[in-house]
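Each chain, written out:
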Amino acid sequence: MGQLAIFGGKPVRETPIYYGHQFIDEKDIAAVVDVMKSDFLTCGPEITKLEKKLSELTGARYAVAVSSGTAALHAACYAAGASNGDEVVTTPMTFAASANCALYLGAKPVFADINPRTYNISPEEIRKQISKAAKAVVAVDFTGQAAEIEEIREICRENKLVLIEDAAHSLGTTYKGKPVGSLADMTTFSFHPVKTVTGGEGGAIVTDNEEYYRKLLLFRSHGITRDSGQMDRAPDGDWYYNQIGLGYNYRMTDMQAALINSQLDKLGLFKERRRQIAERYNKAFQDMPEVVLQEEIAASDTARHLYILQFRLERLSATRKEIFDALKAENVCCNVHYIPVYYFTYYRKMGYKKGLCPNAEALYERMITIPLYYSMTDGDVDSVIEAVKKVVAYYRK
Ligand SMILES: *Cc1c(COP(=O)(O)O)cnc(C)c1O
């Protein structure tokens, strides 16, 4: 295959490819432009339409669009009642927001280790981490594959915990035939550009629970309501509104909602193409003794967000960083999802220590996320495969 580009050889690709990229077509652009010519830039009809679409897609009774996936998690933890002294159990193998949402409310994130084969939070490990202070579980559908939600839901039921599913990766995934969004007490989505469907920024929460729904609406907009039924005094007049709790401005604009609505029309296409790419990767890598693939569970029909290779470093004369850098020199620009959350300085200063979740820590040392997004051509996919094979062949012991 020739010399590695990092040592001066010719790179597999002439131009760089990155681990993720949004796909925006003319319809998406026209949808946003239409809003800009309309009367409502925020709190308008595109928000209503998005919330209706998300309800239909997930089968959940209520949907609330918010400004980001992080705001969605914050709002869900608030609606769950998490506050000072409470604990929220989550996985360390996630983006920091899945744990930060507890901290915003004065609650403490508690990390439960992952299943070393699926990389999703382990139900048995959740059980071990539940204390009297536990209030909620934030289960992440890592890479788009549904967590073991049935088992986790049972644990939550037994322990009277609120189950929040962080579905930032898994919009469009079904679990045992049921859509993500219909499985947990509340499910949160993100529409950041690296996610399957984007609005630039954006997020949403879906739920069947009317009480949560009302809390989410208040939290999104300062704790303010115009509904006289929720007020303890009569309105002064038609202009009147009242603040009955403390919320934020977590609203989404109608431009974002219009973009997401237009993108949602392509969700089926996005899911199918991502599945095809993942299958091509599976085929190419499944017989390579130097890599381990993420185990796929039969219960999850996955809308795949990330594709992860775990390198068996004992069979290679390179570190993960050397492999990562060699791929980059071949113009295959990868990423690592994720640094265990409690490794961050902010968490260490709170007293979290290395050793907490050995499976997540071991995975972190060996993992690389390779490119996966809708608009990759078969040629792009093949070039990624070629680059991985070239680098592995070079470092093979
Ligand atoms: C992206 C992401 C978030 C945060 O979403 P934003 O829209 O970027 O705020 C939360 N959790 C997970 C697992 C994510 O991947």
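Preceding this section is the structure that the text describes.
Residues numbered from 1 in each chain as written. Predicted model: local features only at pLDDT ≥ 70, side-chain atom pairs only at ≥ 80, totals over all residues. Heavy atoms only, no water.

**Side note on the pairing of strand S1 (residues 62-66)**
Here is step 1 of the chain: Most of S1 is tucked away: five of the five residues are buried.
Here is step 2 of the chain: Here S1 shows two buried faces, one formed by Tyr-62, Val-64 and Val-66 and the other by Ala-63 and Ala-65.
Here is step 3 of the chain: In this sheet, strand S9 (residues 203-207) lies alongside S1 in antiparallel orientation, the contact comprising five bridges. Paired with Ala-63 across the strands is Val-206, a residue of S9. (Buried < 20%, exposed > 50% of the residue type's maximum accessible area, 1.4 Å probe, protein only. Helix = DSSP H or I, 4+ residues; strand = E, 2+ residues; numbered from the N terminus. Pairing = 2+ DSSP bridges.)

**Some words on the sheet that holds strand S3 (residues 108-111)**
Backbone-to-backbone hydrogen bonds pair the strands of a sheet. The strands run either parallel or antiparallel.
Here is step 1 of the chain: Read across the open sheet, the seven strands follow the order S1-S9-S8-S5-S4-S2-S3; overall the sheet is mixed. In this open sheet, the two strands that pair with only one neighbour each are S1 and S3. Averaged over all adjacent pairs, the angle separating strand axes in this sheet is 25°, with direction ignored.
Here is step 2 of the chain: Against the sheet, helix H6 (residues 149-159) touches strand S4 (134-140) and strand S5 (162-166), its axis set at about 150° to S5.
Here is step 3 of the chain: Running over the sheet, helix H7 (residues 210-220) touches S1, S5, strand S8 (186-190) and S9 and is turned about 15° from S1. (Axes fitted to C-alpha atoms, helices over the stretch in contact; angles between N-to-C directions. Contact = heavy atoms within 4.5 Å.)

**Examining the site of the ligand**
Here is step 1 of the chain: Around the ligand, the structure places 17 residues, and the nearest of them are Gly-69, Thr-70, Asp-166, Ser-190 and Lys-195.
Here is step 2 of the chain: One nitrogen or oxygen atom from the side chain of Asp-166 is found 2.8 Å from a nitrogen atom belonging to the ligand.
Here is step 3 of the chain: The contact in question runs from an oxygen atom of the ligand to an N or O atom on the side chain of Tyr-338, over 3.2 Å.
Here is step 4 of the chain: Under a 2 Å grid-point criterion requiring more than half of the atoms, the pocket assigned to the ligand is the largest pocket.
Here is step 5 of the chain: Considering every element that reaches the shell around the ligand, the biggest residue donor is helix H3 (residues 69-79), with three residues.
Here is step 6 of the chain: For the shell around the ligand, a count of residues per class yields six nonpolar, nine polar and two charged. (Near = heavy atom within 4 Å. Polar contact = N/O pair within 3.5 Å; in protein donor to acceptor, adjacent residues only side chain to side chain. 1 Å grid on protein atoms, 1.4 Å probe; cavity = no way out; pocket = protein on both sides within 12 Å on 5 of 7 lines; lining within 4 Å. Sits in = over half its atoms within 2 Å of the grid points. Nonpolar A, V, L, I, M, F, W, Y, C, P; charged D, E, K, R; others polar.)

**Things to note about the layout of surface pockets**
Left-over empty space is what a probe sized like a water molecule reveals as it rolls over the atoms.
Here is step 1 of the chain: What the largest pocket holds in volume is close to 380 Å³.
Here is step 2 of the chain: Along its surface, the largest pocket is lined by 26 residues, and Phe-95, Ala-168, Ser-190, His-192 and Lys-195 are the ones closest to its centre.
Here is step 3 of the chain: Contributions of two or more residues to the lining of the largest pocket are made by H3, helix H4 (97-104) and S8.
Here is step 4 of the chain: A volume near 280 Å³ is recorded for the second largest pocket.
Here is step 5 of the chain: Forming the walls of the second largest pocket are Arg-214, Leu-217, Leu-218, Ser-221, His-222, Ile-224, Thr-225, Arg-226, Asp-227, Gln-230 and Tyr-241.
Here is step 6 of the chain: At the level of secondary structure, the elements contributing two or more residues to the lining of the second largest pocket comprise H7 and strand S10 (224-225).
Here is step 7 of the chain: No other element matches H7, which puts three residues into the lining of the second largest pocket.
Here is step 8 of the chain: Residue composition of the lining of the second largest pocket, by class: four nonpolar, four polar and three charged. (Points joined across faces, edges and corners; volume = space filled by probe spheres on them.)

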